[in-house]
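Understanding the architecture of this molecule
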Amino acid sequence: HPFFVFPGGIAGGIEICITFPTEYVKTQLQLDEKANPPKYRGISDCVKQTVQSHGVKGLYRGLSSLLYGSIPKSAVRFGVFEYLSNQARDESGRLDSTRGLLCGLGAGVFEAVLVVCPMETIKVKFIHDQTSANPKYKGFFHGVREIIRAQGLRGTYQGLTATVLKQGSNQAIRFFVMTSLKNWYKGDNPNKYINPLVTGVFGAVAGAASVFGNTPLDVIKTRMQGLEAHKYKNTLDCAMRILRYEGLAAFYKGTVPRLGRVCLDVAIVFIIYEEVVKVLNKVWHTD
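Named according to an unreviewed UniProt entry, the protein is Tricarboxylate transport protein, mitochondrial originating from Gouania willdenowi. Word for word, the UniProt comment on the protein under Subcellular location (unreviewed entry) is "Mitochondrion inner membrane". The protein has a UniProt comment under Sequence similarities (unreviewed entry) that states "Belongs to the mitochondrial carrier (TC 2.A.29) family."

This is how it looks when you write it as structure tokens:
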């Protein structure tokens, strides 16, 4: 049913407006290399410096590029997941957790290739560009044109391996945890009503699990997409160099802001998604 694309898109758009500032801070802290004296002392310092020099609006720089990406990303993620899980349910309509994991993996890979990789590369280049002495991108579409003109479409597909690994493992972990918790909560009654707050708690748990599972991949991906990406031969080389020069802790850079954001993010998205599906079911009588 093509209808599953809508709720995902709506959920993604609302969620990103709520949580964008933490994403901005996370990317800044991850790009802040040890080699040069770091610009920021930590989360609050990064927020303070940004607001001082650009006002509160500064924390929303680059929002448009994520908004253009977030809506199709959530649409693809939930659309593909619903499609796959409808194929994978047993006779009673139950989805077991292993199949939930595989459907999540599929959804993550699809969203990585179609939406996330080009969008994230553009986002990281934008945020990096704004911190350089004389920024060269005037706006979203101008920036995208410049990137494609300078590097071709391949320029928007930097770090594809890292992104596919990250999104695939991300959604696999999230949908696995989500499916397991829902099955546990429903017990023997597949039609049991789940309160939106319960959905939110399950979402937050799923989000936290995915952060601990794949923040290292996120750090590698951010480095592979920054303006310094040419230093690394490939994804593995990038991982080895971070390990050698900066130690294990570097793989968990930005975990605290990411944990806060992702738990909130996944909770909000699952709640909005379930609620929008309920409303659309009433409108379209798909049941």
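Moving on from the model shown.
1. Overview of the overall build of the protein
Along its length, the protein carries nine helices and zero strands. Order of helices (α) and strands (β) in the protein, N terminus to C terminus: α-α-α-α-α-α-α-α-α. For a compact globule of 287 residues, the expected C-alpha radius of gyration is about 19 Å, and the protein comes in at 19 Å, within 12% of that figure. Overall, the C-alpha framework of the protein stretches about 60 × 40 × 35 Å when taken along its three principal axes. Expressed as a percentage of its 287 residues, the buried residues of the protein come to 51%.

2. Here's the deal with the UniProt feature "repeat: Solcar" (unreviewed entry) in the protein
The sites that UniProt annotates as "repeat: Solcar" (unreviewed entry) are residues 2–87, 98–184 and 194–279. Taken end to end, residues 98–184 comprises 82% helix and 0% strand; its first and last C-alpha atoms sit 14 Å apart. Taken end to end, residues 194–279 is 78% helix and 0% strand, and its two terminal C-alpha atoms sit 15 Å from one another.

3. Remarks on the environment of T27
For T27, the location among the structural elements is in helix α1 (residues 5–31). Note: C-alpha distance between T27 and L243 (216 residues apart in sequence) is 19 Å.

4. Some thoughts on the packing of helix α4 (residues 97–131) against helix α6 (residues 160–186)
The contact between α4 and α6 brings their axes to 6 Å, and the two run at 145 degrees. Relative to α6, the crossing made by α4 is right-handed. Residue classes in the contact of α4 with α6 are distributed as twelve nonpolar, 13 polar and one charged.

5. Brief notes about the packing of α4 against helix α5 (residues 140–151)
Contact geometry of α4 with α5 gives a least axis separation of 11 Å together with a crossing angle of 105 degrees. The angle between α4 and α5 falls in the class roughly perpendicular. Each of M119, I122, K125 and F126 in α4 lies in contact with α5, whose residues at this interface are F140, G143, V144, I147 and Q151. Each residue belonging to the contact of α4 with α5 can be placed in one class, and the counts come to six nonpolar, two polar and one charged.

6. Points about the packing of aromatic side chains
Within the structure shown, the criterion is met by ten aromatic pairs. Between the aromatic rings of F175 and F270, the centroid separation amounts to 5.7 Å while the plane-to-plane angle is 80 degrees, which identifies the pairing as edge-to-face. Here the residue F175 occupies a position in helix α6, and F270 occupies one in helix α9 (residues 255–284), the gap between them amounting to 95 residues. Taken together, the aromatic side chains of F78, F81, F175, F270 and Y273 make up a single cluster linked through ring pairs.

7. As for the side chain of S85
If you trace the backbone, S85 turns up in helix α3 (residues 63–88). The residues contacting S85, other than those within four sequence positions of it, are L95 and C103.

8. Re the pattern of salt bridges
Following the criterion strictly, the structure yields six salt bridges and no others. Taking the shortest distance from any N to any O, the salt bridge between R149 and E146 comes out at 3.3 Å. Within this pair, R149 and its partner E146 are both found in helix α5, separated by three residues, close to a single helical turn. K182 is the partner of E274 in a salt bridge, and the nearest nitrogen-oxygen pair spans 2.8 Å. Taken together, the residues E274 in helix α9 and K182 in helix α6 connect sequence positions 92 residues apart. On the basis of relative accessibility, which here comes to 24%, the residue E274 falls in the partly exposed class.

9. Regarding helix α2 (residues 43–54)
Along an α-helix, residues three or four apart share an orientation, since each turn contains 3.6 residues. The terminal C-alpha atoms of α2 lie 16 Å apart, and with twelve residues this matches the ideal 16 Å at 1.5 Å per residue to within 8%. Taken together, the buried positions of α2 are D45, C46 and T50. The buried residues of α2 occupy an angular sector of 130 degrees when projected down its axis, which confines them to one face. Across α2 from its buried face, at more than 90 degrees, point the exposed residues S44 and Q52. Where the residues of α2 are buried, they touch α1. Immediately beyond the C-terminal end of α2, within one or two residues, lies G55, with a positive phi of roughly 75 degrees.

10. Thoughts on α4
The terminal C-alpha atoms of α4, which comprises 35 residues, lie only 43 Å apart, well short of the 51 Å expected from a rise of 1.5 Å per residue. Where α4 bends most, at A112, the angle is about 55 degrees. At the N-terminal boundary of α4, the capping side chain belongs to D96, with an oxygen 3.2 Å from the backbone nitrogen of T98.

Definitions and limits used
- For every chain, the first residue of the written sequence is number 1, and numbering continues from 1 along that sequence.
- A pLDDT threshold of at least 70 governs which residues receive local features in this predicted model, and a stricter bar of 80 or more applies before side-chain atom pairs are shown or counted, although totals over entire chains, interfaces and linings include all residues.
- Only heavy atoms go into the side-chain values, all of them from the structure, while hydrogens and water stay out.
- UniProt positions are given in the numbering used here, feature names are shortened, and annotations may be inferred rather than shown by experiment.
- Labels follow the DSSP assignment, with helices taken as runs of H or I lasting at least four residues and strands as runs of E lasting at least two, numbered in each case from the N terminus.
- For a compact globule the rule gives 2.2 Å times the number of residues to the power 0.38, and the radius of gyration it is set against comes from C-alpha atoms.
- For every residue, the accessible area obtained with a 1.4 Å probe (protein chains only) is divided by the maximum for its type, and the residue is called buried under 20%, exposed over 50%, and partly exposed between those limits.
- Where helices are involved, their axes are fitted lines through C-alpha atoms of the stretch in contact, as for all axes, and angles between N-to-C directions lie from 0 to 180°.
- Crossing handedness: left-handed means the near helix sits turned counterclockwise from the far one by under a right angle, and right-handed means the same turn made clockwise.
- Three categories are distinguished: nonpolar for Ala, Val, Leu, Ile, Met, Phe, Trp, Tyr, Cys and Pro, charged for Asp, Glu, Lys and Arg, and polar for the others, with Gly belonging to the last.
- The labels follow the angle: roughly parallel below 35 degrees, roughly antiparallel above 145, roughly perpendicular from 65 to 115, and oblique for the rest.
- Any two residues whose heavy atoms approach within 4.5 Å at even a single point are treated as in contact.
- Classification of ring pairs uses Phe, Tyr and Trp, with its six-membered ring standing for Trp, and accepts pairs whose centres are within 6.5 Å; under 30 degrees between planes counts as stacked, over 60 as edge-to-face, and the remaining range as tilted.
- The term salt bridge refers to a pairing of a side-chain nitrogen on Lys or Arg with a carboxyl oxygen on Asp or Glu at a separation within 4 Å.
- Any helix carries an expected span of 1.5 Å times its number of residues minus one.
- Directions from the helix axis toward the C-beta atoms define the arc.
- Bend at a given residue is defined as the angle between two axes, one fitted to the seven residues that end at that position and one fitted to the seven that begin there.
- Two N or O atoms form a polar contact when they lie within 3.5 Å of each other; inside protein one atom must be a possible hydrogen donor and the other a possible acceptor, and for residues adjacent in sequence the pair counts only when both atoms belong to side chains.

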